[in-house]
Number of protein chains: 2
Amino acid sequence: MDSDRRRRPTLDTVAAAVGVSRATVSNAYNRPDQLSSSLRERILETARSLGYAGPDPVARSLATRSSAAVGFMLPQGLSGAFSDPALSIVLDGLASTVDGHDHSLVLMPGDATGGPRPSIVSRAQADVMVAYSLPDSAPAFDAVAARGLPLVVIDQPVLPGSARVEVQDYAGATSAASHLLALGHSAFGILTFSLHPDGASGPVTFERRSDVPFRVSRDRLGGYLDTLEKGGVQPDNVPVWEARGSDRELGRLGARWLLTRTPRPSALLCASDQLAFGALQAARDLSLTVPRDISVVGFDDVPEATYSDPPLTTVRQPLADKGRRAGELALKLLAGGRPPRPTRLDVSLVERASTAPRT
Amino acid sequence: MDSDRRRRPTLDTVAAAVGVSRATVSNAYNRPDQLSSSLRERILETARSLGYAGPDPVARSLATRSSAAVGFMLPQGLSGAFSDPALSIVLDGLASTVDGHDHSLVLMPGDATGGPRPSIVSRAQADVMVAYSLPDSAPAFDAVAARGLPLVVIDQPVLPGSARVEVQDYAGATSAASHLLALGHSAFGILTFSLHPDGASGPVTFERRSDVPFRVSRDRLGGYLDTLEKGGVQPDNVPVWEARGSDRELGRLGARWLLTRTPRPSALLCASDQLAFGALQAARDLSLTVPRDISVVGFDDVPEATYSDPPLTTVRQPLADKGRRAGELALKLLAGGRPPRPTRLDVSLVERASTAPRT
DNA sequence: TTGTAAGCGTTATCAG
DNA sequence: CTGATAACGCTTACAA
């Protein structure tokens, strides 16, 4: 059962074998310039033959008070989260940034509370945390604060002392809605992802529209609704469907509902491209032609938006930059920097072929 | 710059404040039964007021020689990896399993070598590693071995001392190809993902078909080709396209090429559902109707296969189980267990509407 | 260029 | 139920 429990070699083992002190062996790994290269070679060689794989990461972390890892907190489980390519792109930007600095990434999936459990956060070996689109009052935030860890927040509002990177969601939503209004549309439907972290899907009741803890959902939905209202469309008359995630199939489901209302919307505003792709699908299912019969606009501008059928009119946000920027901020906080003023990334409407004047 | 550098409280700080020994405070957190609940309450209360967030994870790890984390090694960067929902599902199964045991997940993205850099692996704070579909001789494996960490391998062949979970890829591919043969097809095209970790995309030359280091690609491609040959189809006459990832758009690209060969294939064998969805798209682009003009079969059976247009005939593999099983194995190795005999998960052909008899 | 010694914050063993 | 004391494996002044 512990046949391989024969003690693994340590710095001391190697030091003893070579006949030098432990500090010297440590230097061989961490400060090559502190010893003759011949000695260093000899040390490394001996280490290899002893089966010593280099300084133990945990012990090193304890001594340096740094674990060289950034924690990434998600609002939900992995499979839900990754059904949206937007997250993958952000995470990739983040990963490549921290990876380039020899830091690793600790993933903390969320549960029904809309974020990782506090116990997970308290025990995570990371020296900076990145929160991705967590709901406003996720318990995970308290755990981070209790540990005094630096925090960078993506897509969430002010949290004292944290660094932030955010996107002009409200403005983006506004431009999308204005675009449709300018095309002459007056019957709308809105497809949004989670408003509350309870995993509900369905038509959105009026109460559910208030106190939305997900800032992104709040801003996009608010931007759509406010703009429509300014354009003379009664928000109460706009059907809204909430999907439990940003997922194509969920979008298809919701869009089917929206497109079977009476009167039928001539334009659909979607909170993400994935949802919009689902809407495209739903339209096909109902033998409606986009954009002739109905216009669809998305949000994000993921790569597929260029290739979809038809190519999607959408609000572009710089996803990879978002991740990279979050990575840089994390690294900066790690280096002892103060949180700089929030990075606000721009969005812009990209007009493709899924929208057309109302006929 | 270090205004918050005022030393964080430690076990000793709390112990002193309460007037007990450090061990007692430790017990308050780790062995509630070892002290009176009133004392425990008092300790926890004081800790809270002192801003002590509980035992430091790193120090705890050093003392217990366990970091309560499992490392997950990927063959490529995150964005590439996550464009395939199959990975998300596997990872979710893994995450929920280890999460349930209060372990966290350390992600190690790969680079051009087809796996994470050895330096990353050497320093990762994890006490068991899971390799996901790495190429046969990834340098990452050496790093794992050097550290003497237990290893569980998903979708890769024998590595001495490691636990394995794998899927009957060859058999699955065989059944897919047989199905098409039985339908009377004789002109085929094959769409595969990476054969070699060099990120190349394009028609597959003959040399490239040998010494394929990715077992999954090797088995699926081999299963297709061998079966076709047994069915009387000359493998040399079967065009094969290699996509650099399992991604819908890359599949569309490859399928476009395959579908414009002369003679045009009447059936496409795809190494994954994502690739197959791309093929469906490509067929539409070329005004071909599936399955009337061409039959398409995928591999994986991701949820979307049920809903695609048309629903996809594909080889089902139990993705979530794969992840869960890997998680259980990791936990078992962690507990000191010996690697059990490999878990082999079954596959089965699911016939939907993307295949039809040759007309 | 190399060695000494003092931490880093815990857990664990074993008396009391 | 509580408390010394010894690990855990390493980094890092500082001294030689």
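Keep in mind the model is a prediction, meaning the values are calculated, not measured. Counting starts from 1 at the beginning of each chain's written sequence and moves along it residue by residue. Chains carry letters from A onward and ligands carry numbers from 1 onward, assigned in written order. A pLDDT threshold of at least 70 governs which residues receive local features in this predicted model, and a stricter bar of 80 or more applies before side-chain atom pairs are shown or counted, although totals over entire chains, interfaces and linings include all residues. Note: side-chain values were computed over all heavy atoms of the structure, leaving out hydrogens and water.

### Here we look at the overall build of chain A
Then step 1. Working definition: helices are DSSP H or I runs of at least four residues, strands are E runs of at least two. Numbering for both runs from the N terminus. In terms of regular secondary structure, chain A is built from 13 helices and 13 strands.
Then step 2. Considered along the principal axes of its C-alpha atoms, chain A spans approximately 85 × 45 × 40 Å.
Then step 3. Contacts spanning at least 24 positions in sequence make up 70% of the contacts within chain A whose residues lie at least 6 apart.
Then step 4. Only the protein chains shown count as cover for residues, and the accessible areas themselves come from Shrake-Rupley with a 1.4 Å probe. Total accessible area on chain A stands at roughly 14700 Å², and carbon and sulfur atoms take up 50% of it. Residues count as neighbours in contact if any of their non-hydrogen atoms are within 4.5 Å of one another.

### Quick notes on the pattern of salt bridges
Then step 1. By definition, a salt bridge exists where a carboxyl oxygen of Asp or Glu is found within 4 Å of a side-chain nitrogen of Lys or Arg. One pass over the full model with this rule turns up 52 salt bridges over all chains.
Then step 2. Residue E304(A) is joined to R248(B) by a salt bridge in which the shortest nitrogen-to-oxygen separation is 3.6 Å. Taken together, the residues E304(A) in the loop between β10 (295–300) and β11 (313–316) and R248(B) in helix α11 (residues 248–258) connect one chain to another. Each of the two residues, E304(A) as well as R248(B), counts as buried.
Then step 3. The salt bridge involving E166(B) is made with R344(B); its shortest N-O contact spans 2.7 Å. With a gap of 178 residues between them, E166(B) in strand β5 (residues 163–167) and R344(B) in strand β12 (residues 343–345) connect regions that are remote in the sequence.
Then step 4. Residues joined by salt bridges that share partners form a network here, namely D155(A), D169(A), R215(A), D219(A), R220(A), D300(A) and K322(A). Using a 1.4 Å probe on the protein chains alone, a residue whose accessible area is under 20% of its type maximum counts as buried, one over 50% counts as exposed, and one in between counts as partly exposed.

### Some thoughts on the pairing of strand β3 (residues 128–132) of chain B
Residues and elements named next belong to chain B.
Then step 1. Along β3, five of the five residues are buried, which leaves the element largely enclosed by surrounding structure.
Then step 2. Burial of β3 is two-sided: the residues V128, V130 and Y132 facing one way and the residues M129 and A131 facing the other way are all buried.
Then step 3. Strands are treated as partners if at least two bridges between them are detected by DSSP. Note that strand β1 (residues 69–73) and β3 share four bridges and pair parallel. Along β3, the bridge assignment pairs F72 with V130.
Then step 4. The pairing of β3 with strand β4 (residues 151–154) spans four bridges and is classified as parallel. Each residue of the ladder has a partner; that of M129, found in β4, is L151.

### Re the UniProt feature "domain: HTH lacI-type" (unreviewed entry) in chain A
Then step 1. UniProt tags residues 9–64 of chain A as "domain: HTH lacI-type" (unreviewed entry).
Then step 2. Annotated as 70% helix and 0% strand, the span residues 9–64 of chain A places its first and last C-alpha atoms 21 Å apart. UniProt positions are given in the numbering used here, feature names are shortened, and annotations may be inferred rather than shown by experiment.

### As for the relation of the copies chain B and chain A
Then step 1. The copies are overlaid by a least-squares fit using only the C-alpha atoms of residues whose pLDDT is at least 70 in both copies. Each copy superposes on the other: chain B lies on chain A with an RMSD of 0.1 Å after a rotation of 180 degrees and an axial shift of 0.1 Å. Such a combination of rotation and displacement between the chain copies is what one expects of a two-fold axis. Measuring from the rotation axis to each C-alpha of chain B, the shortest distance belongs to V106(B), at 2.2 Å.
Then step 2. Of all interface residues in chain B, 98% are interface residues in chain A too; the two copies therefore contact each other through one and the same surface.

### Considerations on the interface of chain B and chain A
Then step 1. Listed by partner, the interface residues are 48 residues for chain B and 47 residues for chain A.
Then step 2. Summed over both partners, the accessible area (1.4 Å probe) lost when two parts come together is defined as the buried area. Summed over both sides, the interface of chain B with chain A buries roughly 4400 Å², with 53% coming from carbon and sulfur.
Then step 3. Here a polar contact is recorded for every N or O atom pair within 3.5 Å, except that within protein the pair must consist of a potential hydrogen donor and a potential acceptor, and residues adjacent in sequence are included only if both atoms are side-chain atoms. At the junction of chain B with chain A, the criterion picks out 17 residue pairs in polar contact (both at pLDDT 80 or more).
Then step 4. Looking at the side of chain B that touches chain A, the elements with two or more residues in it are α4 (57–64), α5 (78–82), α6 (85–100), β2 (104–108), α7 (118–123), α8 (139–147) and α11 of chain B.
Then step 5. A breakdown of the residues in the side of chain B that touches chain A according to their chemical character gives 19 nonpolar, 14 polar and 15 charged.
Then step 6. In the sheet, strand β2 (residues 104–108) of chain A pairs with β2(B) via three bridges, with the strands oriented antiparallel. The nonpolar class holds Ala, Val, Leu, Ile, Met, Phe, Trp, Tyr, Cys and Pro. Asp, Glu, Lys and Arg form the charged class, and all remaining residues, Gly among them, are polar.

### Digging into the pairing of strand β9 (residues 267–270) of chain B
Residue and element names in this part refer to chain B.
Then step 1. By the alternation rule, side chains of β9 split into A267 and L269 and L268 and C270, which are all buried.
Then step 2. Note that strand β6 (residues 188–192) and β9 share four bridges and pair parallel. Bridge pairing in β9 places F188 opposite A267.
Then step 3. Sheet analysis places β9 next to strand β10 (residues 295–300), joined by three bridges and oriented parallel. Across the sheet, the residue bridging to L268 is V296, located in β10.

### Here we look at unusual backbone geometry
Residue and element names in this part refer to chain B.
Then step 1. V290 connects to P291 through a cis peptide bond whose omega is 5 degrees.
Then step 2. Here P291 is to be found in the loop between α12 (273–285) and β10.
Then step 3. Across the junction of D309 and P310, the peptide omega takes the value -5 degrees, indicating a cis bond.
Then step 4. Within the fold, P310 resides in the loop between β10 and β11 (313–316).
Then step 5. Notably, D211 is not glycine yet its phi reads approximately 55 degrees, a positive angle.
Then step 6. Mapped onto the fold, D211 is located in the loop between β7 (202–203) and α10 (215–230).

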